[in-house]
Amino acid sequence: MRIDIITCLPRLLESPFSDSILLRAQKKGLVEVCVHDLRKYSTDKHKKVDDYAYGGGAGMVMMIEPIVTCLRALQAERQYDEVIYMSPDGERFSQRMANELSMKKNLIILCGHYKGVDERVREHFVTREISIGDYVLSGGELAAAVVSDAVIRLLPGVLSDETSALTDSFQDDLVAPPVYTRPAEFEGIKVPDILLSGHEQKIEEWRFKQSVARTKNRRPDLLR
Ligand code: ADE
């Protein structure tokens, strides 16, 4: 898989991809993440990428020209499955959407800033808009990193234990069961006996029951 992220603040996207699982996934050649600085596609002598909104009002708008120049340069190189625009008024991101995106080959993610991008970009060049929640971030970069992380960890071979993404919260519309590690007792607080019993099947049943109970308690909306 290849993910191309277009941003006017590329430094914001340096660290999420340079450590741990996401770094390892790139080193193993399972994903290629390319961050593109939108300013490089500006024809303006000051490398401007935003301008005042037509009709007035506070806040700058990201200009169509550098964005389309960048999109066309990428699209001349390969076919993209989606051009995603990160926006608080997009479709709400979910595990289901992460699963779906993880099956794609090439994705472009466009990060908005200021008041957002010129509407003509959204109308004519973007294929999908995604929000990571009902709150407004100062830009789309952190949201793009969230989406990329959730997608990349699902790619085959990224997680060392192949089953581990399958037992994540939300994979079956259930939240994950509680987990414990050593010591078996800390200041009198014990790990549930069942987990020390060695009965694999009983442990699985216990975990499933815990997941259902937790989901009812914490996220009844998931149970429909
Ligand atoms: N850009 C600003 N806020 C955002 C959000 N909640 N989701 C996606 N992109 C955003």
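As recorded in an unreviewed UniProt entry, the protein goes by the name tRNA (guanine-N(1)-)-methyltransferase, listed as coming from Fulvivirga imtechensis AK7. Quoted verbatim from the Catalytic activity (unreviewed entry) field of UniProt, the annotation for the protein is "guanosine(37) in tRNA + S-adenosyl-L-methionine = N(1)-methylguanosine(37) in tRNA + S-adenosyl-L-homocysteine + H(+)". Regarding the protein, the UniProt comment filed under Subcellular location (unreviewed entry) reads as follows: "Cytoplasm".

Participant: Talk me through the overall build of the protein; I want residue IDs and the actual numbers.
Facilitator: Broken down by element type, the protein carries six helices and nine strands. Against the compact-globule benchmark of 17 Å for 224 residues, the protein has a radius of gyration of 22 Å, which places it well outside the compact range. Dimensions of the protein, computed from the C-alpha atoms along their principal axes, are close to 70 × 40 × 35 Å. Within the protein, the fraction of its 224 residues that count as buried is 26%. A fraction of 74% describes how many contacts in the protein between residues 6 or more apart in sequence connect residues 24 or more apart.

Participant: I'd like a description of the UniProt feature "binding site: S-adenosyl-L-methionine" (unreviewed entry) in the protein, backed by residues and values.
Facilitator: Cross-referencing UniProt, the feature "binding site: S-adenosyl-L-methionine" (unreviewed entry) maps to G112, I132, G133, D134, Y135, V136 and L137 in the present numbering. When you line up the elements, G133 lands in the loop between strand 7 (128–131) and helix 5 (141–152). Taking the C-beta count within 10 Å as the criterion, G133 has 11 such neighbours and is therefore assigned exposed. Take V136: it is sitting in the loop between strand 7 and helix 5.

Participant: Residue-level account of the site of the ligand, with values.
Facilitator: Around the ligand, the structure places M86, S87, P88, G112, S131, I132, G133, Y135, V136, L137, G140 and A143. Examining the composition of the shell around the ligand, we find that three residues originate from one element, strand 5 (residues 82–92), more than from any other. Residues belonging to the shell around the ligand are distributed by class as follows: seven nonpolar, five polar and no charged.

Participant: Account for the sheet that holds strand 6 (residues 106–111), with residues named and values stated.
Facilitator: One open sheet accounts for five strands, arranged 2-1-6-5-7; its pairing is parallel. Two strands bound the open sheet, and with one partner strand each, they are strand 2 (32–37) and strand 7. Looking at each pair of strands side by side, their axes are set apart by 30 degrees on average, direction ignored. The pairing of strand 5 with strand 7 spans five bridges and is classified as parallel. In the sheet register, R92 faces strand 7, and the bridge partner there is S131. Set on the sheet, helix 5 makes contact with strand 1 (2–7), strand 2, strand 5, strand 6 and strand 7; between it and strand 6 the angle comes to about 155 degrees.

Participant: Can you explain the confidence of the model for the protein? Please cite residues and give values.
Facilitator: Across the protein, the average pLDDT comes to 95, with 99% of residues at 70 or higher. With pTM at 0.94, the complex prediction returns an ipTM value of 0.98.

Participant: Got a sec to walk through unusual backbone geometry? Specific residues and values, please.
Facilitator: Most peptide bonds adopt trans geometry, and most residues besides glycine take a negative phi value. Cis geometry is found at the peptide bond from R182 to P183, where omega equals 5 degrees. Tracing the backbone shows P183 in the loop between helix 5 and strand 8 (185–186). Its identity is not glycine, yet S20 carries a phi of approximately 55 degrees, on the positive side. Residue position: S20 is located in helix 1 (residues 20–27). With 10 C-beta atoms packed within 10 Å, S20 lands in the exposed category.

Participant: Could you give an account of helix 5, with specific residues and numbers?
Facilitator: Given a rise of 1.5 Å per residue, 12 residues ought to cover 16 Å, and the 16 Å separating the end C-alpha atoms of helix 5 matches this to within 8%. Within helix 5, nine of the 12 residues are buried, leaving the element largely enclosed by the surrounding structure. Taken together, the buried positions of helix 5 are occupied by E141, A143, A144, A145, V147, S148, A150, V151 and I152.

Thresholds, definitions, all that
Residues numbered from 1 in each chain as written. Predicted model: local features only at pLDDT ≥ 70, side-chain atom pairs only at ≥ 80, totals over all residues. UniProt positions renumbered as here; feature names shortened; annotations may be inferred. Helix = DSSP H or I, 4+ residues; strand = E, 2+ residues; numbered from the N terminus. Rg over C-alpha atoms; globule rule 2.2 N^0.38 Å. Buried ≥ 20, exposed ≤ 12 C-beta atoms within 10 Å, placed from the backbone. Contact = placed C-beta atoms within 7 Å. Near = placed C-beta within 6 Å. Nonpolar A, V, L, I, M, F, W, Y, C, P; charged D, E, K, R; others polar. Pairing = 2+ DSSP bridges. Axes fitted to C-alpha atoms, helices over the stretch in contact; angles between N-to-C directions. pLDDT = per-residue confidence, 0-100. Expected span 1.5 Å × (residues − 1).

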